[in-house]
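# Fold and geometry: a report
Here is what each chain is made of, one letter per residue.
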Amino acid sequence: MTAPGPAPDFPRYARQLALPEVGVEGQTRLAEARVLIVGAGGLGSPAALWMAAAGVGRIGLADPDHVDRSNLHRQLLYGPADVGAPKVEAAHRRLAEVNPDVRVDIHQVEVSVTNADRLVRDYDVVLDCTDQIPVRYAVSDACVAAARPLVHGAVSRWEGRVAVLAAADGPCYRCLWPTPPPAHAIPTCAEAGVLGPVPGAVGMLQAVEACKLILGAGDPLVGRLLVLDLLRMVTHAFAVPRDPLCPACAAGEIRERSAPAGVAAPAASPFPLPSEPPVSPSPAEPSAIEEIAPAELAARLQGAEPPLVLDVREPWEHAIARVDGARLVPLNSLPAALSTLDPGRAYVTLCHHGVRSRMAAEFLRERGLPRVANLRGGIDAWSDEVDPAVPKY
Amino acid sequence: MRVSVLLFASYADALGPGPVALELPAGATAADALAALRERPGAQRLPPAPMLAVNQRWATAATALRDGDEVAFLPPVAGG
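Residues numbered from 1 in each chain as written. Chains lettered and ligands numbered in written order. Predicted model: local features only at pLDDT ≥ 70, side-chain atom pairs only at ≥ 80, totals over all residues.

Turning our attention to the overall build of chain A. What chain A contains, in helices and strands, is 14 helices and 13 strands. Expressed as a percentage of its 393 residues, the buried residues of chain A come to 46%. Of all intrachain contacts in chain A linking residues separated by at least 6 positions in sequence, the fraction that spans at least 24 positions is 70%. (Helix = DSSP H or I, 4+ residues; strand = E, 2+ residues; numbered from the N terminus. Buried ≥ 20, exposed ≤ 12 C-beta atoms within 10 Å, placed from the backbone. Contact = placed C-beta atoms within 7 Å.)

Along the backbone of chain B there are 2 helices and 5 strands. Along chain B, from the amino end to the carboxyl end, the secondary structure elements read β-α-β-α-β-β-β. Scaling as 2.2 N^0.38, a compact globule of 80 residues should have a C-alpha radius of gyration of about 12 Å, and chain B matches this with 12 Å. Dimensions of chain B, computed from C-alpha atoms along their principal axes, come out at roughly 40 × 25 × 20 Å. For chain B, the residues scored as buried account for 44% of the 80 residues in total. In chain B, 55% of the contacts between residues at least 6 apart in sequence involve partners at least 24 apart. (Rg over C-alpha atoms; globule rule 2.2 N^0.38 Å.)

Residue and element names in this part refer to chain A. Strand order in this open sheet of 5 strands is E9-E13-E12-E10-E11, and the pairing throughout is parallel. Edge strands, defined here as strands with exactly one partner in the open sheet, are strand E9 (290-292) and strand E11 (327-328). Note: strand E12 (residues 347-350) against strand E13 (residues 372-375), 3 bridges, orientation parallel. When the bridges of E13 are listed, Thr349 appears paired with Asn374. Seen against the sheet, helix H13 (residues 356-366) touches strand E10 (308-311), E12 and E13 and runs at an angle of roughly 175° to E13. (Pairing = 2+ DSSP bridges. Axes fitted to C-alpha atoms, helices over the stretch in contact; angles between N-to-C directions.)

Another point: the interface of chain B and chain A. Contacts between the two partners involve 15 residues from chain B, matched on the other side by 32 residues from chain A. Among the elements of the structure, helix H1 (9-15) and strand E4 (57-59) of chain B are those that each provide at least two residues to the side of chain B that touches chain A. Here the residues of the side of chain B that touches chain A are counted per class, giving 10 nonpolar, 4 polar and 1 charged. (Nonpolar A, V, L, I, M, F, W, Y, C, P; charged D, E, K, R; others polar.)

A regular strand carries its side chains on alternate faces of the sheet. Residues and elements named next belong to chain A. Note that strand E7 (residues 224-229) and strand E8 (residues 234-239) share 6 bridges and pair antiparallel. The partner of Leu228 across the bridge, within E8, is Thr235. Between E7 and E8, which pair antiparallel in sequence order, lie 4 residues; one of them, Met233, sits at a positive phi of approximately 50°.

Residue and element names in this part refer to chain A. Judged by nonpolar contacts, the single largest core of 139 residues is most densely connected at Val35, Ile37, Ala48 and Ile59. Of all the elements, helix H9 (residues 197-215) adds the most residues to this core, at 10 residues. Split by domain, the residues of this core number at least three in each of domain 1 (10-239) and domain 2 (290-385). Excluding its chain neighbours within four sequence positions, the residues that come into contact with Ile37 are Gly44, Ala47, Ala48, Ile59, Gly60, Leu61, Leu127 and Cys129. (Core = buried A, V, L, I, M, F, W, Y, C linked by C-beta atoms within 7 Å. Domains from an automatic or database assignment.)

Time to look at the packing of helix H3 (residues 44-54) of chain A against H9 of chain A. Residues and elements named next belong to chain A. The N-to-C vectors of H3 and H9 enclose an angle of 40°; their axes lie 7 Å apart at closest approach. Taken together, the axes of H3 and H9 lie oblique to each other. H9 is crossed by H3, and the crossing has right-handed handedness. Where H3 abuts H9, its residues Gly44, Ser45, Pro46, Ala47, Trp50, Met51 and Ala54 lie against Gly200, Gly203, Met204, Gln206, Ala207, Ala210 and Cys211. Of the residues that constitute the contact of H3 with H9, the class distribution is 9 nonpolar, 5 polar and no charged. (Parallel < 35°, antiparallel > 145°, perpendicular 65-115°, else oblique. Left-handed = near helix turned anticlockwise from the far one by under 90°.)

In this section: the packing of helix H2 (residues 23-32) of chain A against H9 of chain A. Residue and element names in this part refer to chain A. Two elements in contact, H2 and H9, have axes separated by 9 Å at closest approach and are oriented at 115°. Taken together, the axes of H2 and H9 are roughly perpendicular relative to one another. As H2 runs across H9, the sense of the crossing is right-handed. Together, Gly26, Arg29 and Leu30 of H2 and Cys211, Ile214 and Leu215 of H9 make up the contact between the two elements. A per-class count over the contact of H2 with H9 returns 4 nonpolar, 1 polar and 1 charged.

Residues and elements named next belong to chain A. Mapping Gln16 onto the fold places it in helix H1 (residues 10-17). Exposure remark for Gln16: the 19 C-beta atoms within 10 Å place this residue in the partly exposed category. Between the C-alpha atoms of Gln16 and Arg313, which are 297 residues apart in sequence, the distance is 16 Å. Sequence-distant contacts of Gln16, defined by excluding residues within four places in its chain, comprise Val22 and Ala54.

On to the domain arrangement of chain A. You can read the domains of chain A as domain 1 (10-239) and domain 2 (290-385). On a C-alpha basis, the centroid separation for the pair domain 1 of chain A and domain 2 of chain A is 45 Å.

Glancing now at H9 of chain A. All names here are of chain A. Its 19 residues give H9 an end-to-end C-alpha distance of 27 Å, which sits within 8% of 27 Å, the value for a rise of 1.5 Å per residue. Counted residue by residue, H9 has 16 buried out of 19 residues, so it is predominantly covered. The positive-phi residue at the C-terminal boundary of H9 is Gly216, with phi of around 70°. (Expected span 1.5 Å × (residues − 1).)

A word on the confidence of the model for chain B. For chain B, the mean per-residue pLDDT works out to 94, and 100% of the residues sit at or above 70. Across the assembled chains, the prediction reports ipTM 0.95 with pTM 0.76. (pLDDT = per-residue confidence, 0-100.)

We now examine the pairing of strand E5 (residues 70-73) of chain B. Residue and element names in this part refer to chain B. Sheet analysis places strand E1 (residues 2-7) next to E5, joined by 4 bridges and oriented parallel. Paired with Leu7 across the bridge in E5 is Phe73. Judged from the 3 bridges that link them, strand E3 (residues 52-54) and E5 form a sheet pairing that is antiparallel. Residue pairing across strands places Ala53 opposite Ala72, the latter belonging to E5.

Turning our eyes to something else, we now look at unusual backbone geometry. A cis amide bond links Gly18 of chain B with the next residue in sequence, Pro19 of chain B, at an omega value of 0°. Residue position: Pro19 of chain B is located in the loop between H1 and strand E2 (20-23). Although it is not a glycine, Asp169 of chain A sits at a positive phi angle of roughly 70°. For Asp169 of chain A, the position within the fold is in the loop between strand E6 (159-165) and helix H7 (173-176). For Asp169 of chain A, a count of 9 C-beta atoms within 10 Å corresponds to the exposed category.

Right, here's the structure in full:
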């Protein structure tokens, strides 16, 4: 990773920070990622909107066209007022509204063999959202040469295609279709027709795959071509190996295919799955654990015998917001920490909203620590009632 | 033997999406399935060597078929 940027906007991304595959580290990766979207049309619109909303830090848009009224039913980057404007300029305005923290580079050019190498080099992940077969070959070849993963998307009427190409050990576009079809053999959307949400669905899947590549999460569509028949709502996943005779990616050369800086190598999640207890408290002995208000905890911390606050949240939550002096013991590591706790000492358990910490308090008391209280409302209430400088998420 | 053929994108526009059931002699390959498909109306849209998959795995015209196999023909798709 490059030098760390500013901390993520926690409230904005709270719902995806909560994912074990994202967290603060993943959100920072997204903020530092550079994604090139080739084609700002039916696929590029949802891909760009969703990646901007997710907090991808830099989005490059390459498209030579102007907004046409016939684009509006599927290209949701644009509205009627944008008709006639260069697509990349109108898209830039829209993305700035969606997320002003995202930097947008505009390239009002047709991507081709003459400029693809230079364009692709400045980005970590590339999305093929074009509607031109020759552009697809040019972008794939450039991604192979620069070792950049390419998230391929394409539609024809009710059918969609998604794949991650030019990734380590996976095929490129030429492996799948070695011989470009004759010009005009493949109908465009203008010729074949397309229902607006069909490219919408495919572009969104491209955004999901791009985020996974940046995060190093899950199993990206490497070596698989996903074909969606949305008219019959049937999906096919074709196994597509790299072609050992491919002129683009297997021409006898050993290419170092290490991931660029902004792309995480697929790896296990840095954070364990959070242990989510049931939301409702245990019906057994509901009043057995003392529940204290944030103000009461503040008073006790200033008292003669301050309790030790045990923060039972996950590390990513602790990175966002914490109470000074608290000890981080994630709920699922509490049993291992038990031997380090003093039965004579007073403890207060804390979590996000006071539910996990009540479980922790009950656990500790059963294990022989009698002086355990729970912070009612968790760190959220602490922020509301005691210390507004503690961020909420 | 009997194989099932799926068609995608412009091939489906021309020939229907399938599945098309084909009766082929023992020892047939994907090339034989393609030849049988060419007997059908609309098949002029198929190029000389369309890309294909056998049982959801990218394959070649020389790939041997077995009874019950599924053969899919897929053109590249332009739309975006």
